Amino acid sequence: MALTENMKENGTENGTENGSKTAAGPSGGGTVRRRTRPDPAARSRGGQRFVLLGLALASAYSLFPVYWLVIAATKDQVGLYQSNGLWFSDFHLWENLQQVFTYEGGIFLRWTANSFLYAGVGSLGGTLIALATGYGLARFDFPGRGVVFAAVVGSFLIPIALLTLPLYLMFSKIGLVDTPWAMLIPCLINPFSVYLAKVYTEAAIPFELLEAARIDGAGELRIFFSIVLRMMTTGGATVFLLAFVNTWNAFFLPLTVLRGQENWTLNLGLYNWSGKRVESGIDVTSLVLTGALLSIVPMAIMMVAMRRYWRTGVTMGALK
Amino acid sequence: MIRSLRWKGAAFTVPFQLGFVFLYLLPIGYAVHQSLFLQKQSGLGLGGATTEFVGLENYQQGLTDSAFMTSILRVVLFACVQIPFMLIISLILALFLDAVTAKAAGRFRIMLLVPYMIPGVVAAIVWINLYSPVVGPLTPLGELFGLDWNFFAPSMVWPAIGNLLTWHGIGYNMVIIYSALQGVPRELFEAARLDGASELRIALSIKVPFVRGALVLTALLSVIQMLQIFNEPALFRNISPETVSDSFTPIMIIYNQAFNAANYHYAAALSVLLALILGLASFLFYRLTSREAD
């Protein structure tokens, strides 16, 4: 609770800052003009209707596959093949869920737990490291700072294959392949998170505050843990969320470094099931679809719960 | 700044620097090193393999490997079609959002962002099933209009993947362009309206030029992503291995060389080549788009 309150405070602070910057001066003249001229929205009803129709069509396109997936997850094999694809037939969602969670000795649950472990623990560690690094880069002037920042930005361009293959070889030499560490360790270092953390520090942590804390005799570590981290809850939440989504969605890294299916992520498991239904005689289509729907649920919950923060994060990271 | 304070500040970045060396620099160095060797069978293949230094031989082979070059050409051609298509739709939707009330914009934005929340693998699974002639609703829908389409046919695979990528990417790109639009000074519109400009004219002559930076950025990100495309073709390959070959995209070739052919040295050389091509493509793209601005 305290966390969300803090975030809101930060959010509104930022909001008013930005607002005052843009609203200053000329917008006063704008409001006067607006009074003499009606709102553009009211001016052209036809145009407005066209725009709304376009948005509605695009939304339908965006939502349709999800709608179909929800319906498909409630059908058994027969319903899937024979009933109308756009509407419910006999309701078999509970059987499907039961089947997903019991198939191959309940391996689906294991994959879910793995995905949560990798995405949760990996992103938490990665966020902490990123916040410290971002703070160091944004608020201290040390030799080599430019090099570190150049490495952060430059690494956005490195293809995953160039990193993942040698990493696989290195990990296999030290016996980390096929263990959770092979997924967790790479998650700790995320240049994009560092970049975001730097941008957030610049926006949220004023130099004066650090000066004041130092004059009061606070040590640098103490300043970081009890002042900076606390003021960075909004930024930190966004960095964590984006890293979590990234890891949850990861495919090439787990495919490369995880061999045994007990360590797989949900994505890998679903990929395997999706290929299986063709290769062997068993048809597991409804299993795959129900599993796919389940794997979206945690994402949806997280996105909705934190949409205020991640939206700014996405755009801020992209634009600055 | 006091000297001791500088070093304390630098200390905050040490964990990242160590990790970066271990997880980025070392692997890249290792890949480059590996790419200079080749495993050769001694004798008649009975005497075990030896690793020999071959210099740039792997690179030479990669540059003349027609499968690798074809796969790069394939994704580049595809990128030239799909990325402009996706970005134009994203731009139009961002302009549309900008033209409706804040409340409506908020609602539509959430709906349009739903695909972005869905993991790429899951998105591919869902669309593959939508395309499927047995379970998907699209085949009967086509029949309704007299269309006999097979999404897994060779001519339809790229449009099918293109639709999937477009569906997945519109929302994200739209949000970036939309938030750039929010930065356009509103007085400009008022002034243009006073001069009698239509809303369409304002959109084309004021708003679009203003968000050029965001468009360039979203395009660059999409190009980088596209050259590395792997998940979607890999899943399509599950369904129709005869249309989507195992050398469909560059990363698929690299993966196969490493894990199916156990030819790490060649795979390493190909991934270094891909990195160079990616860097070159980004540089060229950046130069081209920034020159236009002058």
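Nothing here was measured: the structure is a model prediction, and the numbers come from that model. (Residues numbered from 1 in each chain as written. Chains lettered and ligands numbered in written order. Predicted model: local features only at pLDDT ≥ 70, side-chain atom pairs only at ≥ 80, totals over all residues. Heavy atoms only, no water.)

Draft legend 1. Structural view of the packing of helix H10 (residues 191-204) of chain A against helix H13 (residues 233-249) of chain A. Residues and elements named next belong to chain A. Remark: H10 packs on H13, axes separated minimally by 10 Å, with the N-to-C direction vectors making an angle of 165 degrees. In terms of orientation, H10 and H13 fall into the roughly antiparallel class. In the packing of H10 onto H13, the handedness of the crossing is right-handed. Of the residues in H13, those touching H10 at Phe192, Ser193, Leu196, Ala197 and Tyr200 are Gly235, Thr238, Val239, Leu242 and Ala243. Split into classes, the residues belonging to the contact of H10 with H13 amount to 7 nonpolar, 3 polar and no charged. (Axes fitted to C-alpha atoms, helices over the stretch in contact; angles between N-to-C directions. Helix = DSSP H or I, 4+ residues; strand = E, 2+ residues; numbered from the N terminus. Parallel < 35°, antiparallel > 145°, perpendicular 65-115°, else oblique. Left-handed = near helix turned anticlockwise from the far one by under 90°. Contact = heavy atoms within 4.5 Å. Nonpolar A, V, L, I, M, F, W, Y, C, P; charged D, E, K, R; others polar.)

Draft legend 2. Quick look at the interface of chain B and chain A. Each partner contributes to the interface: chain B provides 91 residues, whereas chain A provides 99 residues. Of the roughly 8,700 Å² buried where chain B meets chain A, counting both sides, 78% is carbon and sulfur surface. Looking at the side of chain B facing chain A, the largest losses of area belong to B:Phe12, B:Phe16 and B:Met117, adding up to 9% of the total buried there. Our count for the chain B to chain A interface comes out at 0 salt bridges. The tally of links from chain B across to chain A stands at 7 residue pairs in polar contact (both at pLDDT 80 or more). The greatest single-element share of the side of chain B that touches chain A, amounting to 14 residues, is contributed by helix H2 (residues 14-34) of chain B. Looking at side-chain class alone, the side of chain B that touches chain A contains 67 nonpolar, 16 polar and 8 charged residues. (Buried area = accessible area lost by both parts, 1.4 Å probe. Salt bridge = Lys/Arg side-chain N within 4 Å of Asp/Glu carboxyl O. Polar contact = N/O pair within 3.5 Å; in protein donor to acceptor, adjacent residues only side chain to side chain.)

Draft legend 3. Geometry of empty space enclosed by the protein. Under the definition given, this model contains 3 cavities of 30 Å³ or more. The computed volume of the largest cavity comes to approximately 40 Å³. Lining of the largest cavity is provided by A:Leu165, A:Pro166, A:Leu169, B:Ala31, B:Gln34, B:Tyr264, B:Ala267 and B:Ala268. Contributing elements (two or more residues each) for the lining of the largest cavity: helix H8 (160-173) of chain A together with H2 and helix H14 (264-293) of chain B. Among the residues making up the lining of the largest cavity, the classes are represented as 7 nonpolar, 1 polar and no charged. (1 Å grid on protein atoms, 1.4 Å probe; cavity = no way out; pocket = protein on both sides within 12 Å on 5 of 7 lines; lining within 4 Å. Points joined across faces, edges and corners; volume = space filled by probe spheres on them.)

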